[in-house]
Amino acid sequence: MTESDEAKFTELFEVIEAYSRRGYYHQDKALQIIAGTYVFMFEKEDMPDVRPIVDDILEQYDYVFATIERGNLDPLSVDAVVRVALYKDEYTGWGINRLGRILESLHRRSGGDENYADFVEDAAIVIRGLENIVAGSALEEIVEGANGA
């Protein structure tokens, strides 16, 4: 985890980092905390950069962090990527790239697993995430433009 001198809540992110190194349930909780902690545009504190943590978790699952119950894509993993991507302008490209990797992995999975019936629904979750990043990025530009005028 990269941490600036201005970062707040370092203890929270130490917990997130520790959870990300454990098993599925702890990683799920880490993604929940990340998704709930990053509030785009309106956060006053400089939060630590958790992109490497999200990357580490997603890479372990070939970018499809699936639910235990059904084996479909956990929407929380997409939400965590979207929230982090919208947190700072320079994170936007990272978020789009990660959601693209999730889509690619879903596509590979659909070709190799005839029992994977949730492909369309899972892909729709990722596409909505991409739409949220694009819309959020546009909204931020509008707000910044209004503040600068």
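Quick look at the structure, then. What you are looking at is a predicted structure, and each value in this text was computed from that prediction instead of being measured. Position numbers for residues count from 1 along each chain, tracking the sequence in the order it is written. Residue-level local features of this predicted model are given only where pLDDT is at least 70; pairs of side-chain atoms are given and counted only at 80 or more, and the full residue set underlies all totals for whole chains, interfaces and linings. The side-chain quantities take in all heavy atoms of the structure and omit both hydrogens and water.

### Describing the packing of aromatic side chains
For the record, the criterion: Any two of the Phe, Tyr and Trp rings considered here, Trp counted by its six-membered ring, make a pair once their centres fall within 6.5 Å; the pair's planes then place it as stacked at under 30 degrees, edge-to-face at over 60, or tilted in between. Secondary structure elements are defined from DSSP: runs of H or I of at least 4 residues count as helices, runs of E of at least 2 residues count as strands, and each element is numbered from the N terminus. Under the scheme applied here, a residue whose accessible area is under 20% of the maximum for its type counts as buried, over 50% as exposed, and between as partly exposed, the area being computed with a 1.4 Å probe on protein chains only.
Counted according to the given criterion, the structure contains six aromatic pairs. An angle of 80 degrees between the planes, with centres 6.1 Å apart, marks the rings of Phe 13 and Tyr 38 as edge-to-face. Highlighted residues: Phe 13 in helix α1 (residues 10–20) and Tyr 38 in the loop between α2 (24–37) and α3 (51–60), separated in sequence by 25 residues. Take Phe 13 and Tyr 38: they sit in the same class, and that class is buried. Relative to Tyr 87, the ring of Tyr 38 lies with its centre 4.7 Å away and its plane at 85 degrees, an arrangement referred to as edge-to-face. Here Tyr 38, found in the loop between α2 and α3, pairs with Tyr 87, found in helix α4 (residues 75–87); they are 49 residues apart in sequence, far enough to count as distant. Tyr 87 carries the same exposure label as Tyr 38, and that label is buried. Each residue in the set Tyr 24, Tyr 25, Tyr 61 and Phe 65 is aromatic and connected to the rest through ring pairs, giving one cluster.

### Concerning the packing of α3 against helix α5 (residues 92–112)
To keep it simple, the criterion reads: What counts as an axis is a line fitted to C-alpha atoms, over the stretch in contact for a helix, and the angles between N-to-C directions run from 0 to 180 degrees. Orientation labels follow simple angle bins: below 35 degrees gives roughly parallel, above 145 gives roughly antiparallel, 65 to 115 gives roughly perpendicular, and whatever is left gives oblique. We call two residues in contact when some of their heavy atoms are within 4.5 Å. Only Asp, Glu, Lys and Arg are considered charged in this grouping, and only Ala, Val, Leu, Ile, Met, Phe, Trp, Tyr, Cys and Pro are considered nonpolar; every other residue, Gly among them, is considered polar.
Where α3 meets α5, the closest approach of the two axes is 12 Å, and the angle between their N-to-C directions is 5 degrees. Here α3 is positioned roughly parallel relative to α5, judged by the angle of their axes. From α3, Arg 51, Val 54, Asp 55 and Leu 58 reach across to α5, where they touch Trp 94, Arg 98 and Ile 102. For the contact of α3 with α5, a count of residues per class yields four nonpolar, no polar and three charged.

### Regarding unusual backbone geometry
Here the phi dihedral of Asp 62 falls at roughly 50 degrees; this positive angle occurs in a residue that is not glycine. In this fold, Asp 62 is placed in the loop between α3 and α4. Assessed through its relative accessible area of 41%, Asp 62 is described here as partly exposed.

### Quick look at the packing of α2 against α3
Keep this limit in mind: By definition, any crossing whose near helix is turned counterclockwise from its far helix by less than a right angle is left-handed, and any crossing with a clockwise turn is right-handed.
For the pair α2 and α3, the least separation of the axes is 11 Å and the interaxial angle reads 140 degrees. Put simply, α2 runs oblique to α3. Once α2 is placed against α3, the crossing between them reads as left-handed. Contact with α2, carried on its side by Gln 27, Ala 30, Leu 31 and Ile 34, involves Ile 53, Val 54, Ile 57 and Gln 60 of α3 and no other residues of that element.

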